[in-house]
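Next come the chains, spelled out residue by residue.
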Amino acid sequence: MHRRLFLVSAASAAGLAGCGMPESGPDATPDAVSRAAYRFDGPPAITLFTMVSNENGDGAHTSMMINASQRVVFDPAGSVSHPRMIERGDVIYGMTPELAELYEGAHARETYHVIVQRREVPAPVAEKALRLVMENGRVGQAFCTQSTSRILRQLDGFETIRPTFFPLSLKRQFARLPGVTERTRYETDADDKSRAVDAFFEERSGS
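Residues numbered from 1 in each chain as written. Predicted model: local features only at pLDDT ≥ 70, side-chain atom pairs only at ≥ 80, totals over all residues. Heavy atoms only, no water.

Along the chain, the regular secondary structure elements total seven helices and seven strands. When the helices and strands of the chain are read in sequence order from the N terminus, they spell out α-α-β-β-β-β-β-α-β-α-α-α-β-α. When each of the 207 residues of the chain is scored for burial, the buried share is 47%. Residue pairs at least 24 apart in sequence account for 70% of intrachain contacts in the chain once pairs closer than 6 positions are excluded. (Helix = DSSP H or I, 4+ residues; strand = E, 2+ residues; numbered from the N terminus. Buried < 20%, exposed > 50% of the residue type's maximum accessible area, 1.4 Å probe, protein only. Contact = heavy atoms within 4.5 Å.)

Below you can see the structure in the form of C-alpha coordinates.
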(Lines give C-alpha, C1' and ligand atoms only; values in the text may rest on other atoms or scores of the structure.)
Protein backbone atom coordinates (compact mmCIF):
# COMPACT_ATOMS: atom_id res chain seq x y z
CA MET A 1 0.00 0.00 0.00
CA HIS A 2 2.70 2.49 1.01
CA ARG A 3 4.86 1.57 -1.98
CA ARG A 4 1.92 2.00 -4.35
CA LEU A 5 1.16 5.41 -2.86
CA PHE A 6 4.80 6.46 -3.32
CA LEU A 7 4.81 5.36 -6.95
CA VAL A 8 1.61 7.29 -7.66
CA SER A 9 3.07 10.38 -5.98
CA ALA A 10 6.29 10.04 -7.96
CA ALA A 11 4.34 9.73 -11.18
CA SER A 12 2.42 12.89 -10.34
CA ALA A 13 5.68 14.68 -9.64
CA ALA A 14 7.02 13.43 -12.95
CA GLY A 15 4.26 15.15 -14.83
CA LEU A 16 4.95 18.42 -13.06
CA ALA A 17 8.73 18.32 -13.01
CA GLY A 18 9.05 17.28 -16.64
CA CYS A 19 12.46 15.56 -16.64
CA GLY A 20 12.92 14.12 -20.10
CA MET A 21 13.31 10.54 -21.14
CA PRO A 22 17.01 9.65 -21.04
CA GLU A 23 18.58 9.42 -24.49
CA SER A 24 22.05 8.31 -23.42
CA GLY A 25 23.63 5.36 -25.14
CA PRO A 26 25.80 2.69 -23.52
CA ASP A 27 28.09 3.81 -20.72
CA ALA A 28 31.58 4.83 -21.74
CA THR A 29 34.33 2.48 -20.59
CA PRO A 30 36.43 3.34 -17.53
CA ASP A 31 39.42 3.84 -19.86
CA ALA A 32 37.47 6.35 -21.96
CA VAL A 33 36.38 8.18 -18.81
CA SER A 34 39.97 8.34 -17.60
CA ARG A 35 41.21 9.71 -20.93
CA ALA A 36 38.44 12.33 -21.04
CA ALA A 37 39.19 13.81 -17.61
CA TYR A 38 39.59 17.59 -17.81
CA ARG A 39 40.87 19.81 -15.02
CA PHE A 40 39.46 23.33 -15.22
CA ASP A 41 41.72 26.13 -14.00
CA GLY A 42 39.23 27.74 -11.65
CA PRO A 43 38.11 27.57 -8.02
CA PRO A 44 36.22 24.51 -6.80
CA ALA A 45 32.55 25.17 -7.39
CA ILE A 46 29.11 23.63 -7.82
CA THR A 47 26.85 25.04 -10.51
CA LEU A 48 23.15 24.20 -10.52
CA PHE A 49 21.25 24.32 -13.83
CA THR A 50 17.47 24.70 -13.77
CA MET A 51 15.63 24.47 -17.07
CA VAL A 52 12.34 26.39 -17.12
CA SER A 53 9.52 26.35 -19.66
CA ASN A 54 9.06 29.63 -21.52
CA GLU A 55 5.40 28.75 -22.05
CA ASN A 56 4.19 28.24 -18.50
CA GLY A 57 7.16 28.90 -16.19
CA ASP A 58 7.28 25.33 -14.90
CA GLY A 59 10.59 23.71 -13.98
CA ALA A 60 11.56 21.09 -16.55
CA HIS A 61 14.96 19.66 -15.62
CA THR A 62 17.77 19.88 -13.07
CA SER A 63 21.47 19.13 -13.47
CA MET A 64 24.73 20.35 -11.97
CA MET A 65 28.33 20.95 -12.93
CA ILE A 66 31.07 20.16 -10.44
CA ASN A 67 34.55 21.63 -10.65
CA ALA A 68 36.84 19.51 -8.51
CA SER A 69 40.00 17.60 -9.47
CA GLN A 70 38.18 17.30 -12.78
CA ARG A 71 35.12 19.09 -14.13
CA VAL A 72 32.01 17.08 -14.94
CA VAL A 73 28.29 17.56 -15.38
CA PHE A 74 25.83 15.35 -13.52
CA ASP A 75 22.90 15.20 -15.95
CA PRO A 76 20.41 12.79 -14.35
CA ALA A 77 17.85 11.47 -16.83
CA GLY A 78 19.23 14.04 -19.24
CA SER A 79 18.86 14.21 -23.00
CA VAL A 80 22.06 15.92 -24.15
CA SER A 81 23.96 13.08 -25.78
CA HIS A 82 26.29 12.30 -28.68
CA PRO A 83 28.40 9.27 -29.63
CA ARG A 84 31.55 11.34 -29.04
CA MET A 85 30.39 12.60 -25.67
CA ILE A 86 31.98 10.65 -22.83
CA GLU A 87 29.20 9.76 -20.42
CA ARG A 88 28.98 7.10 -17.75
CA GLY A 89 26.21 6.74 -15.18
CA ASP A 90 24.62 10.10 -16.12
CA VAL A 91 27.95 11.90 -15.62
CA ILE A 92 29.38 13.74 -18.63
CA TYR A 93 33.19 13.94 -18.52
CA GLY A 94 35.71 16.22 -20.18
CA MET A 95 33.90 19.48 -19.44
CA THR A 96 36.18 21.85 -21.30
CA PRO A 97 35.02 25.48 -21.61
CA GLU A 98 33.72 24.69 -25.10
CA LEU A 99 31.74 21.64 -23.99
CA ALA A 100 30.40 23.46 -20.92
CA GLU A 101 29.21 26.26 -23.19
CA LEU A 102 27.57 23.73 -25.50
CA TYR A 103 25.81 22.00 -22.61
CA GLU A 104 24.36 25.21 -21.21
CA GLY A 105 23.51 26.70 -24.60
CA ALA A 106 21.80 23.54 -25.87
CA HIS A 107 19.26 23.77 -23.06
CA ALA A 108 18.45 27.44 -23.68
CA ARG A 109 16.19 27.56 -26.73
CA GLU A 110 12.86 28.94 -27.90
CA THR A 111 10.94 26.68 -25.54
CA TYR A 112 13.10 26.85 -22.39
CA HIS A 113 15.46 29.16 -20.55
CA VAL A 114 18.21 28.18 -18.10
CA ILE A 115 18.80 29.54 -14.62
CA VAL A 116 22.47 29.12 -13.71
CA GLN A 117 23.39 29.27 -10.02
CA ARG A 118 27.01 28.92 -8.95
CA ARG A 119 28.60 28.55 -5.54
CA GLU A 120 32.30 28.27 -4.82
CA VAL A 121 33.08 25.59 -2.25
CA PRO A 122 36.14 24.22 -0.42
CA ALA A 123 38.06 21.65 -2.43
CA PRO A 124 37.07 18.70 -0.17
CA VAL A 125 33.38 19.52 -0.70
CA ALA A 126 33.82 19.57 -4.46
CA GLU A 127 35.70 16.27 -4.33
CA LYS A 128 32.94 14.65 -2.30
CA ALA A 129 30.34 15.91 -4.77
CA LEU A 130 32.39 14.45 -7.62
CA ARG A 131 32.67 11.11 -5.87
CA LEU A 132 28.94 10.98 -5.08
CA VAL A 133 27.82 11.63 -8.65
CA MET A 134 30.34 9.13 -10.02
CA GLU A 135 29.02 6.49 -7.63
CA ASN A 136 25.34 7.32 -8.12
CA GLY A 137 24.67 5.55 -11.41
CA ARG A 138 21.91 6.28 -13.88
CA VAL A 139 18.76 8.02 -12.71
CA GLY A 140 15.22 7.13 -13.70
CA GLN A 141 12.93 9.45 -15.63
CA ALA A 142 11.45 12.26 -13.47
CA PHE A 143 14.04 11.73 -10.70
CA CYS A 144 16.52 14.37 -11.95
CA THR A 145 15.78 16.91 -9.20
CA GLN A 146 15.28 14.31 -6.50
CA SER A 147 18.66 12.73 -7.15
CA THR A 148 20.44 16.10 -7.37
CA SER A 149 18.91 17.41 -4.16
CA ARG A 150 19.71 14.15 -2.36
CA ILE A 151 23.36 14.41 -3.35
CA LEU A 152 23.63 18.09 -2.48
CA ARG A 153 22.31 17.65 1.05
CA GLN A 154 25.15 15.22 1.81
CA LEU A 155 27.71 18.02 1.35
CA ASP A 156 29.07 20.32 4.04
CA GLY A 157 27.39 23.69 3.66
CA PHE A 158 24.37 22.27 1.85
CA GLU A 159 22.64 20.62 4.81
CA THR A 160 19.56 22.85 4.48
CA ILE A 161 18.71 21.36 1.08
CA ARG A 162 15.66 19.14 1.31
CA PRO A 163 14.91 16.38 -1.21
CA THR A 164 12.36 17.46 -3.81
CA PHE A 165 11.06 16.37 -7.18
CA PHE A 166 10.52 19.95 -8.31
CA PRO A 167 13.27 21.91 -10.11
CA LEU A 168 12.02 25.33 -9.00
CA SER A 169 11.87 24.21 -5.38
CA LEU A 170 15.52 23.15 -5.50
CA LYS A 171 16.42 26.37 -7.30
CA ARG A 172 14.85 28.44 -4.50
CA GLN A 173 16.61 26.38 -1.81
CA PHE A 174 19.94 26.77 -3.58
CA ALA A 175 19.43 30.53 -3.88
CA ARG A 176 19.18 30.84 -0.09
CA LEU A 177 22.67 29.43 0.42
CA PRO A 178 25.39 32.02 1.11
CA GLY A 179 27.68 33.00 -1.72
CA VAL A 180 25.43 31.94 -4.60
CA THR A 181 25.55 33.91 -7.84
CA GLU A 182 22.72 33.63 -10.36
CA ARG A 183 22.12 34.45 -14.00
CA THR A 184 19.50 33.51 -16.58
CA ARG A 185 20.18 32.50 -20.17
CA TYR A 186 17.68 32.90 -23.01
CA GLU A 187 18.18 31.73 -26.59
CA THR A 188 15.96 31.55 -29.68
CA ASP A 189 17.29 28.31 -31.16
CA ALA A 190 14.82 25.66 -32.35
CA ASP A 191 13.47 23.27 -29.75
CA ASP A 192 15.52 20.29 -30.99
CA LYS A 193 18.72 20.68 -28.96
CA SER A 194 20.32 17.69 -30.70
CA ARG A 195 20.99 20.00 -33.65
CA ALA A 196 23.33 22.16 -31.58
CA VAL A 197 25.08 19.09 -30.18
CA ASP A 198 25.55 17.52 -33.62
CA ALA A 199 26.84 20.79 -35.10
CA PHE A 200 29.35 21.15 -32.26
CA PHE A 201 30.96 17.78 -32.92
CA GLU A 202 30.74 18.08 -36.71
CA GLU A 203 32.66 21.35 -36.54
CA ARG A 204 35.41 19.73 -34.48
CA SER A 205 35.67 16.73 -36.78
CA GLY A 206 36.13 18.95 -39.83
CA SER A 207 33.13 17.50 -41.61
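This part covers the sheet that holds strand β5 (residues 91-92). The antiparallel open sheet is built from seven strands, whose spatial order is β4-β5-β3-β2-β1-β6-β7. Pairing within the sheet leaves two strands with one partner each, and these edge strands are β4 (87-88) and β7 (181-185). Here four bridges tie strand β2 (residues 59-67) to strand β3 (residues 71-74), and the two strands are oriented antiparallel to one another. Residue pairing for β3: isoleucine 66 is matched across the bridge by valine 72. Those strands touched by helix α4 (residues 123-136) are β1 (45-53), β2, β3 and β5, and its axis lies near 125 degrees from that of β2. (Pairing = 2+ DSSP bridges. Axes fitted to C-alpha atoms, helices over the stretch in contact; angles between N-to-C directions.)

Each turn of an α-helix holds 3.6 residues, which means side chains three or four residues apart point in the same direction. The set of residues buried in helix α6 (residues 167-175) consists of Pro167, Leu170, Lys171, Gln173 and Phe174. Angularly, the buried residues of α6 cover 165 degrees about the axis, an arc narrow enough to put them on a single face. (Arc of directions from axis to C-beta.)

Turning our eyes to something else, we now look at the layout of surface pockets. Each pocket or cavity is described by its volume, and for the second largest pocket that value is around 260 Å³. Every residue lining the second largest pocket is counted, 19 residues in all, and those nearest its centre are Thr47, Met65, Arg71, Arg118 and Arg183. Listed by contribution, the elements that provide at least two residues to the lining of the second largest pocket are β1, β2, α3 (97-107), β6 (112-120) and β7. Top contributing element to the lining of the second largest pocket by residue count: β7, with four residues. Each residue belonging to the lining of the second largest pocket can be placed in one class, and the counts come to eight nonpolar, four polar and seven charged. (1 Å grid on protein atoms, 1.4 Å probe; cavity = no way out; pocket = protein on both sides within 12 Å on 5 of 7 lines; lining within 4 Å. Points joined across faces, edges and corners; volume = space filled by probe spheres on them. Nonpolar A, V, L, I, M, F, W, Y, C, P; charged D, E, K, R; others polar.)

Relative orientation of the contacting elements helix α5 (residues 144-152) and α6 amounts to 25 degrees, with a least axis distance of 9 Å. Compared by their axis directions, α5 and α6 come out roughly parallel. For the crossing formed where α5 meets α6, the hand is left-handed. Contact with α5, carried on its side by Thr145, Thr148, Ser149 and Leu152, involves Pro167, Leu170 and Phe174 of α6 and no other residues of that element. Of the residues in the contact of α5 with α6, the class split is four nonpolar, three polar and no charged. (Parallel < 35°, antiparallel > 145°, perpendicular 65-115°, else oblique. Left-handed = near helix turned anticlockwise from the far one by under 90°.)

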